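# Observations on the model geometry
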Amino acid sequence: MAASSRANAAPRIVAELGRPETPDETAARKAASSQVYRSSQTVRNLVAALLVTLAVVAVIVMIVPRGNTTPTSAVDVAALAQQTSSATGESVVVPDVPAGWRANSAALGGDQTPTWTVVYATGKDAGFLRVAQGFGADTAWDARLLSGAAASGEVTIDGIAWTQYALGDPARSGNLSYAIGTDAGPDRILVYGATDASTAAIAARGLTDQIIALRQEKK
């Protein structure tokens, strides 16, 4: 009896329509409801996938080893120069440079001519400057270090005459933009790098006493 009553019940009146739905309207409403449900499921799935991805990235960031960000100590140029002098029997120059300059390396090398080289970061436009001493070298040694650059003039710094070199395009000269060289007894001193005349002059003045001593020592 109850089942028969439900089967014979009047169709539900839809408030928005003011009448019962037609079969087509009922089917359209159910289809729209299903579409909304599927869309909400898709959004939820995307959000869940994004959260999982972010979690994985966070775990990777936490477990990847970090590099040592502590700045390395500056090179002890004086100590290395003393070691080089003891090993070679040569007087090795140690430039007197500003406290703000940082020595990145100091070593003895050279294939044809034994060469003591100190490399400084001068803190000026990310440039660098090298002070090189070629033991028993001549001006041909200058040209080898400067990719064949020719002398372009002379400049006097602290009473010492230095030869200037024309480097031209830094891209073709190993990123070098300025260079000066002078004799120090039987040796040659070259000040060069991605630098300018005023910065090179600072290093040259820091070598004056040692250059004079080498010239007197080897007379």
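Up top you'll find the structure we're talking about.
Structure report, in brief. If you're wondering where the values come from, they're calculated on a predicted model, not measured in any experiment. (Residues numbered from 1 in each chain as written. Predicted model: local features only at pLDDT ≥ 70, side-chain atom pairs only at ≥ 80, totals over all residues. Heavy atoms only, no water.)

### Some details on the sheet that holds strand β7 (residues 160-166)
Filter applied, for reference: By definition, two strands form a pair when at least two bridges between them are found by DSSP. Helix and strand labels come from DSSP, where a helix needs a run of H or I of at least four residues and a strand needs a run of E of at least two; each type is numbered from the N terminus. Helix axes are fitted to C-alpha atoms over the stretch in contact, other axes to C-alpha atoms as well, and angles between N-to-C directions run from 0 to 180 degrees. By definition, residues are in contact when any of their heavy atoms lie within 4.5 Å.
As summarised here, the arrangement of the seven strands in space is β3-β4-β5-β9-β8-β7-β6, forming an open sheet in which the pairing is antiparallel. Each of the sheet's edge strands pairs with one partner strand only, and the pair in question is β3 (102-109) and β6 (150-157). Each adjacent strand pair in this sheet contributes to an overall mean axis angle of 20°, direction not counted. Here β6 runs beside β7; their pairing, made up of seven bridges, is antiparallel. By the bridge assignment for β7, A151 is matched with Y165. Sheet contacts for helix α3 (residues 77-88): β3 and β4 (115-121); angle to β4, the most-contacted strand, approximately 175°.

### Considerations on the environment of A151
Its location among the elements puts A151 in strand β6. Expressed as a C-alpha distance, the spacing of A151 and Y165, which sit 14 residues apart in the sequence, is 4.4 Å. In contact with A151, not counting residues within four places along its chain, are T163, Q164 and Y165.

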